[in-house]
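# Examining the three-dimensional arrangement
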Amino acid sequence: VTISRTVFNCSCFELRPFGRLLHPGERRDLILAFDAGDISSGPMRGKHLDILSDDPEHPRLQVALVGQVVRSVTVVPPTIDLGVLGEPFSLEAHVITVRPGPDMRVELLRVRAEPVPRLEVTTREVDAGFELSVRWRPTEAAGRGRFLGSVVLRTRVSGAGFDPRELEHAVRIQGEWP
């Protein structure tokens, strides 16, 4: 049997590459990636994967995808635009907010800025989460043109009925050298 195509009814899923040819009696594990994006916490309903093949008895196999979305950590905003970094230098601090979902705990393990030079990141605990203040430190001329980078946060999340796990969150940093 040769699998010709796979189709999800939701862009929140991605199928990892796999061998499409199956010999008689052979099994194949399919690995899915799921991005909850803006889906709120709660049961995931109506999602499925269609597997199309040359199997004459089952040319289309529909697999129901079920689960529970647990909003473990919310990190906002997804992007910080520092604008044009020229004279006079803007020293405005941009805030990244990290909040755990209901009945969850979040611990900030590590913060790193990559590869944007001269970013200063400070953290403070607020309520059940954290706020990170991101500020560009002016120094000597840094170059010309647009730059892209990120502030990467490593967290440990735990809560009732939820196995502790480490997560990595990236907030895009962009701007322009004059």
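Here goes a summary of the coordinates provided. (Residues numbered from 1 in each chain as written. Predicted model: local features only at pLDDT ≥ 70, side-chain atom pairs only at ≥ 80, totals over all residues. Heavy atoms only, no water.)

## Focus: the sheet that holds strand E6 (residues 73-76)
Going by this rule: Two strands are counted as paired when DSSP detects at least two bridges linking them. Going along the chain from the N terminus, every DSSP run of H or I of four or more residues is numbered as a helix, and every run of E of two or more is numbered as a strand. Fitted lines through C-alpha atoms give the axes, limited to the stretch in contact for helices. The angle between two N-to-C directions lies from 0 to 180 degrees.
A sheet is described by the order of its strands in space; here four strands give the open sequence E6-E8-E11-E10, paired in antiparallel fashion. Only two strands of the sheet have a single neighbouring strand rather than two, namely E6 and strand E10 (119-126). Taking the axes of each pair of neighbouring strands and ignoring which way they run, one obtains an average angle of 15° across the sheet.

## A short note on the nonpolar core
Keep this limit in mind: The set of buried Ala, Val, Leu, Ile, Met, Phe, Trp, Tyr and Cys residues whose side-chain atoms join them within 4.5 Å is what this entry labels a nonpolar core. Residue burial is assigned from relative accessible area. The probe radius is 1.4 Å, only protein chains are included, and a residue is buried under 20% of its type maximum, exposed over 50%, and partly exposed in between. Residue contacts are counted whenever heavy atoms from the two residues lie within 4.5 Å of one another.
In terms of nonpolar packing, the biggest core is built from 20 residues, with Ile 96 and Ile 173 touching the most fellow members. At the level of secondary structure, the elements contributing two or more residues to this core comprise strand E7 (79-84), strand E8 (94-100), strand E9 (104-114), strand E11 (129-136), strand E12 (145-159) and strand E13 (162-177). In this structure, Ile 96 is in contact with Val 75, Val 76, Pro 77, Ile 80, Phe 130, Glu 131, Leu 132, Val 134, Val 151, Leu 153 and Val 171, ignoring residues within four places of it in sequence. Counting 14 residues, the second-largest nonpolar core is a separate cluster that includes Ile 3, Phe 8, Cys 12 and Phe 18.

## Structural notes on the sheet that holds strand E1 (residues 3-8)
Within the open sheet, the three strands sit side by side as E1-E4-E5. Their pairing is antiparallel. Single-partner strands in this sheet number two, and they are E1 and strand E5 (60-69). Ignoring strand direction, the axes of neighbouring strands in this sheet form an average angle of 20°. As paired elements, E1 and strand E4 (residues 42-53) share five bridges and run antiparallel to each other. Its bridge partner lying in E4, Thr 6 is registered against Ile 51.

## Quick look at the side chain of Glu 131
Condition: Pairs of N or O atoms are called polar contacts if they sit within 3.5 Å, as long as, within protein, a hydrogen donor faces a hydrogen acceptor (for residues adjacent in sequence, only side-chain-to-side-chain pairs).
Of note, Glu 131 is situated in strand E11. Of note is the side chain of Glu 131, whose polar atom sits 2.8 Å from the side chain of Arg 124. Setting aside its immediate chain neighbours within four residues, Glu 131 contacts Val 95, Ile 96, Thr 97, Arg 99, Thr 122, Thr 123, Arg 124 and Val 126.

## Some points on the state of the cysteines
Our working definition: A pair of sulfur atoms, both from cysteines and within 2.5 Å, is called a disulfide here.
Enumeration according to the criterion identifies one disulfide in this entry. Covalently, Cys 10 is tied to Cys 12 through a disulfide, its sulfur atoms 2.1 Å apart. Judged by the torsion about the S-S bond (130°), the Cys 10/Cys 12 disulfide is right-handed. On the basis of relative accessible area, Cys 10 is assigned to the buried category, the value being 14%.

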